[in-house]
Amino acid sequence: MLRTTASRVLDDSDRDEVLDLLDTDPVANVFVASRVRTVGLNPARLGGQMWGFGPRGGLVSLCYAGANLVPVNAAPEAVHAFADRARKQGRRCSSIVGPQEAVSLLWERLEPHWGRARAIRWAQPVMATAQRSSVPADPLVRRVRPDQFDRLLPACVAMFTEEVGVSPNAGDGGALYRTRVAELIRIGRSYARIDDGRVVFKAEIGAVTPQACQIQGVWVDPHLRGRGHAAAGMAAVVEAALQYFAPVVTLYVNDFNHTARSVYRKVGFHEVDTFMSVLF
């Protein structure tokens, strides 16, 4: 077994070093980097802890421990250290997500203590693009207005349930999820085509840094699928993302979702990495 050096809980005094490490792979790390840039490393604002591996001035790996457990640049020795801390703390996350090799090893260490996962997505291609799509953008895809929240929310719930396998309304009745949907609308990062009150297509830009932004929540009304709405809608969202948010647009998708992967390739995305997710 590898020798395990203890991890440590980071704070705002580590912020610059943390961002330097995150910026070494701005696509893979866009979610964590967005959180740190927005709220810093104070656990009360971060919504969890940031664990570091390596001494001050020599930080080599991170693990965001909030609603998700997300290893960053984590070689095996760092993964073992993060697993030790997570095991002692007990499971507080709803998922483990990140680069496939690190997540696989982390889960190997944690499964005997945390028990079986509800679902495992073993391979999730990470895709990216830095160019407007050659697919004509749907001109009816626009930023969602706050007064359209009630129209959009059922589509968001349907997307989440279809993708994750459980409703976001479980537990707290959906209060936290509704707050997140409303916040993305408020800050102008929710896009949709809404025809006569019906959501045809929707997607959000969930994480943003100066280097990259991440699209999430892509959904087309099931009764309208196969008509080109996904490609045209994604082309519109990519165009807006490149114009307003970051020079690179990224997302990740389940490897078995061949239809979505085909759409993303058609729009201009290419695979750059592989994630893995463990869902509880």
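How each quantity is defined
Residues numbered from 1 in each chain as written. Predicted model: local features only at pLDDT ≥ 70, side-chain atom pairs only at ≥ 80, totals over all residues. Heavy atoms only, no water. Axes fitted to C-alpha atoms, helices over the stretch in contact; angles between N-to-C directions. Helix = DSSP H or I, 4+ residues; strand = E, 2+ residues; numbered from the N terminus. Parallel < 35°, antiparallel > 145°, perpendicular 65-115°, else oblique. Left-handed = near helix turned anticlockwise from the far one by under 90°. Contact = heavy atoms within 4.5 Å. Nonpolar A, V, L, I, M, F, W, Y, C, P; charged D, E, K, R; others polar. Salt bridge = Lys/Arg side-chain N within 4 Å of Asp/Glu carboxyl O. Buried < 20%, exposed > 50% of the residue type's maximum accessible area, 1.4 Å probe, protein only. Pairing = 2+ DSSP bridges. Core = buried A, V, L, I, M, F, W, Y, C linked by side-chain atoms within 4.5 Å. Arc of directions from axis to C-beta. Phe/Tyr/Trp six-rings, centres within 6.5 Å; stacked < 30°, edge-to-face > 60°. Lys NZ or Arg CZ within 6 Å of the ring centre and 35° of its normal.

The name recorded for the protein chain in an unreviewed UniProt entry is GNAT family N-acetyltransferase, from Nonomuraea typhae.

What follows deals with the packing of helix α6 (residues 149-164) against helix α7 (residues 175-186). Relative to each other, α6 and α7 sit at 120 degrees, their axes nearing to 11 Å. It follows that α6 is oblique to α7 by the angle criterion. Judged by the twist between their axes, the crossing of α6 over α7 is right-handed. Where α6 approaches α7, its residues Phe149, Leu152, Leu153, Cys156, Val157, Met159 and Phe160 are matched on the opposing element by Tyr177, Arg178, Val181, Ala182 and Ile185.

This part takes up the packing of helix α1 (residues 15-22) against helix α2 (residues 30-39). With their axes 10 Å apart at the nearest point, α1 and α2 run at an angle of 155 degrees to one another. Accordingly, the angle class assigned to the pair α1 and α2 is roughly antiparallel. Judged by the twist between their axes, the crossing of α1 over α2 is left-handed. Mapping the contact onto sequence places Arg15, Val18, Leu19 and Leu22 in α1 and Val32, Ala33, Val36 and Arg37 in α2. Among the residues making up the contact of α1 with α2, the classes are represented as 6 nonpolar, no polar and 2 charged.

Take the pattern of salt bridges next. Two side chains bearing opposite charge may form a pair once their charged atoms approach each other closely. Under the counting rule described, the total for this entry stands at 16 salt bridges. When the shortest N-O distance is used, the salt bridge between Glu271 and Arg265 registers 4.0 Å. The class for Arg265 is partly exposed, based on a relative accessible area of 45%. Within the structure, one salt-bridge network assembled from shared partners comprises Arg8, Asp14 and Arg56.

So, about the pairing of strand β8 (residues 190-195). Two strands pair when backbone bridges link them, and strand β7 (residues 142-143) and β8 are joined in this way by 2 bridges, in the antiparallel orientation. Across the sheet, Arg142 pairs through a bridge with Ala192, a residue of β8. Bridge count between β8 and strand β9 (residues 198-208): 6 bridges; the pairing is antiparallel. Bridge pairing in β9 places Arg193 opposite Phe201.

Before going further, it helps to examine the nonpolar core. Generally speaking, soluble globular proteins have nonpolar side chains that are buried together. The biggest cluster of nonpolar side chains holds 29 residues, and the ones touching the most others in it are Ile205, Cys213, Ile215, Met234, Val237, Tyr264 and Phe269. Looking at this core, the elements that each hand over two or more residues are β9, β10 (213-220), α8 (229-244), β11 (249-252) and α9 (258-267). Considering each element in turn, this core owes the most residues, 8 residues, to α8. Leaving out residues up to four positions away in the same chain, Cys213 has contacts with Val30, Ile205, Ala207, Val208, Ala241, Phe245, Ala246, Val248, Val249 and Thr250. Core analysis: the next-biggest nonpolar cluster, separate from the first, contains 25 residues, Ala86, Leu106, Trp107 and Leu110 among them.

The next point concerns α1. Looking only at α1, the buried set comprises Val18, Leu19, Leu21 and Leu22. End-on, the buried residues of α1 take up no more than an arc of 160 degrees, which puts them together on one face. For α1, the exposed residues set more than 90 degrees away from the buried face come down to Asp16 and Asp20. Buried-residue contacts for α1 involve α2, β3 (61-65) and β4 (68-72).

To continue, consider the sheet that holds β7. Sheet architecture is open: 12 strands sit in the order β1-β2-β3-β4-β5-β12-β6-β11-β10-β9-β8-β7, paired in mixed fashion. Taken across any chain shown, the strands that pair with only one partner, and hence form the sheet edges, are β1 (8-9) and β7. Judged from the 4 bridges that link them, strand β6 (residues 119-129) and β11 form a sheet pairing that is antiparallel. Across the sheet, Val126 pairs through a bridge with Tyr252, a residue of β11. Strands in contact with helix α4 (residues 76-89) are β1, β2 (49-53), β3 and β4; relative to β2, the strand with the most contacts, it is inclined by about 140 degrees.

Our focus in this paragraph is the pairing of β6. Regular strands place side chains that alternate from one sheet face to the opposite one. Most of β6 is tucked away, with 9 of its 11 residues classed as buried. With 8 bridges connecting them, β6 and strand β12 (residues 270-279) associate as antiparallel partners. From the neighbouring strand, Ile120 faces β12, where its bridge partner is Val278.

As a further point, take the packing of aromatic side chains. This model, assessed by the stated rule, comprises 9 aromatic pairs. Through a chain of ring-to-ring contacts, the aromatic side chains of Trp51, Phe53 and Phe82 assemble into a single cluster. Above the plane of the ring of Tyr244 lies Arg143, whose end atom (NZ or CZ) is 4.7 Å from the centre.

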